[in-house]
Amino acid sequence: MELVVPELSLVLMIGASGSGKSTFAAKHFAPSEVLSSDHYRAVVSNDETAQDASADAFEVLELIASKRLERGLLTVIDATNVDKTYRARWLRLARQYHVLPIAIVLELPPALCHARNADRQNRRFGAHVTRRQCAQLRRSVGGLRREGFRYVHRLKDESAIAEATVHRPRPWTDRRDDEGPFDIIGDVHGCFDELFELLRTLGYAIESTGDLDGVGYRVTAPEGRRALFLGDLVDRGPASDRVLHLAMDMVDAGVALCIPGNHEAKLKRHLEGRKVKLTHGLEQTKEQLEGRSEAFRTRVHAFIDGLISHFVLDQGRLIVAHAGMREELAGRASGRVRQFALYGETTGEIDEFGLPVRATWADDYRGAASVVYGHTPVVQSQWHNRTLCIDTGCVFGGALTALRWPERDLVSVEAKATYYEPIRPPRDVVASPGPSLIQLPELLQGGSVRTRFGRSVRIPPAHAPTALETLSRFTVDPRWLIHLPPTMAPCETSGEEGFLEHPAQAFAAFASRGVTRVVCEEKHMGSRALVIVGRNLDVLAKRFGFAPGEIEQPGIVLTRRGRRFFAMAEVEAAMLAIVDAAMREAGLYESLETDWALWDCELMPWSAKAQALLEAQYAPVGTAARSTLAAAVKALEGVSGAEALLSAAHSRKQDAEAYTAAYRRYCWPVKTVDDHRLAPFHLLATEGAVHHDRSHAWHLDVVQRLVEASASPVLQATDRRWLDLDDAAARDQATQWWLDRTDAGSEGMVVKPEHFLTTNAKGPVQPAIKCRGREYLRIIYGPEYTRPEHLKRLRQRGVGRKQSLAMREFLLGLEALHRFVERRSLHDVHACIFALLALESEPVDPRL
């Protein structure tokens, strides 16, 4: 006997003590799948026969069962379960998690069960116990289906138990192995001409054939593709019967899949002779089907009756359902799941048109899978939290729309007429949730963010409030916050005489991780800036979730911590115009197939952002040191016996002057955009792509194209040197280049592996290591830091925490970008941003 036990189910072993339930469960299910009441009695009391511990044992058992079912794992309850009252708790749990309740009943004679118990040390109780349990089972076994069990498997003798096998099919909704590609078609509603045109536009060849009931169809799909109908094929339109005929022929031929809509559900009830109101277009479908044969109507009924509520496809990346699907319901089976798939949710209210107000479930969607649905007409399809409604109201005079998956391309044909006047106008473009709707409650308690790079990043609970304050009070509109750049890792401390940092340590760090080729890029002394720029206001507003007219310029310039870089809007607008013009002139929008871009840059001068720091810290130190030491030199000059003091004062005065010169070279007055310099060094993302899979050569080449195409001197290229770390001469040349550049006033250089993201057996390799020049470090460590006594102390600095912080922030920033490009919810994107801001509170030496 083959027992059908679907993968997503809650299985109850039912039988008297001694009937062999535990033995059967151990034979047919994995140990982790079986939850035994005896085991949990022992867990809570050290005695599996302690009946006074049963309540506690079942409380623990139910908790673990609920966690397994929440994760979609088959779970077996190994207990007697002969009492209907006890079974009810498990049936409630199955309904709560939308899994199928399955009963496996072992119906052995009481005498046999008692004899088995007598041979077990912990089962020596009276025969009356076994007789009572068997009697309870006999009285209730016939009503197990009425209680709610989907499958009831009764094994009535030892041979049936021994010979039974278990078949574990996937749920019908689970088609993860079906990767498509698909052409997903929205609500047709009897618009046959538009459907025919749309299929032809998508590349389907359609031939008319004769059959027993009029015209049939032979459809040839583009190679490898299939159509997927989202339901509501019928009602309101002029030819629901022909639409059904075409869809059924395509499904039968294997060139299409179909799920039901609420209009098919109502038509099915009508065809079964049940009482339904002939409203909302059903009256037209009834008339059209009356012109067809009884055999055709029978075929229609069988077709609709066999449709599955929704599908999970493409390795779980795609969910299709007529009215949508919450992530916790996807792939599961219950009346509520089917109800949601057909009708969505309503608030219980009635709108001004007398229709139910539908709940906007997509606003709260947080799933990793993309959900494509219809049901509620929209003026224009737009991705929203990884959900997409493609019912664009064809029957109401709109358009019939298809989504090509996995390409995510939308294809539409305009309606040839308005076939039915809508009671409620189609919704406008779905708006993304604004800043006030962003909630990260789970991260406020700490927790962690999982990245796709093999590492999760933990958020210390103590740092979460600071991140929340930053995100809520100081950053720009969070819809712009799709990425924040990481802090940069410093190189290990150098032992070279007179140097605290030196290229040798940066080269050695990469060589030790198996990196053989690196690029050394000049490190500009400015402030990190992110530039988001788009072709125009409309495309940028649509992509970033703003309403039309809500933004006034096509982009934004952000600081490293998500604030607006420029206080003056006209300067920001001018900077965006320069970048946009260069992208157009270089043809980057076209070559990258994008309407927007995110650039990682350095914006100069340093004083443009650090003016307050200069005025409050660096300038007072420099002024006081120069003034005091000049006075000391003057006082000591000519004093007999003070030659050593005079020499020391001269030396300290020179250090103070070098300190002042060090920061002054990075400062100049800025009034207009032309007073700035912008040095892009990464093209981080464009539509559909995060460019971490590109080499640094590719990034620098794109930057070169941008700079050369610009008519403005504001855009500046970055000098660089490539070298093989195995080549000692090349390392020496790169070191000399660094010395020459830093002597000429450069801050230093950044050493990066050849590829943007490099991994080895230990995981991701540090993406960049900065090596700052000797004179620049005066600004950081003080005018006299190069003196031997100070260098000796400073060489005790530890850089490990800062290097760890840089790697964690790097992974979080990339993960945020990927989530945005994949059109995941703002919640998912900002979980990474929140975590990154929280890390900024870690106690790390700011001089590093």
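Rules used in this analysis
Residues numbered from 1 in each chain as written. Predicted model: local features only at pLDDT ≥ 70, side-chain atom pairs only at ≥ 80, totals over all residues. Heavy atoms only, no water. Helix = DSSP H or I, 4+ residues; strand = E, 2+ residues; numbered from the N terminus. Buried < 20%, exposed > 50% of the residue type's maximum accessible area, 1.4 Å probe, protein only. Contact = heavy atoms within 4.5 Å. Areas by Shrake-Rupley, 256 points an atom, 1.4 Å probe, with all protein chains shown as cover. Core = buried A, V, L, I, M, F, W, Y, C linked by side-chain atoms within 4.5 Å. Pairing = 2+ DSSP bridges. Axes fitted to C-alpha atoms, helices over the stretch in contact; angles between N-to-C directions. Arc of directions from axis to C-beta.

Moving on to the overall build of the protein chain. Regarding its fold elements, the protein chain presents 28 helices and 35 strands. In terms of principal-axis extent, the alpha carbons of the protein chain reach across some 120 × 80 × 55 Å. Looking at the protein chain as a whole, 56% of its 848 residues qualify as buried. Here the analysis covers contacts within the protein chain between residues at least 6 apart in sequence; of these, 73% occur between residues at least 24 apart. Of the roughly 36,700 Å² that the protein chain leaves accessible, carbon and sulfur atoms contribute 50%.

Those residues of helix H14 (residues 335-343) lying buried are Val337, Phe340, Ala341 and Leu342. The secondary structure elements touched by the buried residues of H14 are helix H11 (262-271), strand S14 (310-313) and strand S15 (318-321).

In this structure, proline 181 follows glycine 180 across a cis peptide bond, with omega equal to 5°. Within the secondary structure, proline 181 sits in the loop between strand S8 (174-175) and strand S9 (182-185). Cis geometry marks the peptide bond from tryptophan 405 to proline 406; its omega dihedral reads 15°. Considering the arrangement of structural elements, one finds proline 406 in the loop between strand S20 (399-405) and strand S21 (409-414). Its identity is not glycine, yet arginine 236 carries a phi of approximately 80°, on the positive side. Along the chain, the position of arginine 236 falls in the loop between strand S12 (226-229) and helix H10 (240-252). Positive phi outside glycine occurs at glutamate 593, with the angle close to 50°. As for its placement among the helices and strands, glutamate 593 is situated in the loop between helix H20 (588-591) and strand S28 (596-604).

Here we come to the nonpolar core. Trp480, Ile482, Phe544, Trp596, Leu598 and Leu812 are the most contacted members of the largest nonpolar core, which totals 49 residues. Secondary-structure elements contributing two or more residues to this core are helix H16 (464-474), strand S26 (527-534), helix H18 (537-544), strand S27 (555-559), S28, strand S29 (677-686), helix H27 (800-821) and helix H28 (826-839). Setting aside its immediate chain neighbours within four residues, leucine 812 contacts Val449, Thr451, Val457, Cys832, Ala835, Leu836 and Leu839. Counting 45 residues, the second largest nonpolar core, distinct from the first, contains Phe192, Tyr217, Ala256 and Phe303.

This part is about the sheet that holds S20. In spatial order, the strands read S13-S12-S9-S20-S21; together these 5 strands make up an open sheet with mixed pairing. At either margin of the open sheet sits one strand with a lone partner, and together these are strand S13 (256-258) and S21. Strand-to-strand twist of the sheet, defined as the mean angle between neighbouring strand axes without regard to direction, takes the value 20°. As paired elements, S12 and S13 share 3 bridges and run parallel to each other. Opposite phenylalanine 229, over in S13, you have cysteine 258 as the bridge partner. Of the strands in this sheet, S12 and S13 are in contact with H10, which crosses S13 at around 115°.

A word on helix H9 (residues 192-201). Along H9, the positions that sit buried rather than exposed are Phe192, Glu194, Leu195, Leu198 and Leu199. Looking straight down H9, one finds its buried side chains confined to an arc of 160°; they lie on one side. Glycine 203, located one to two residues past H9, shows a positive phi value of around 100°.

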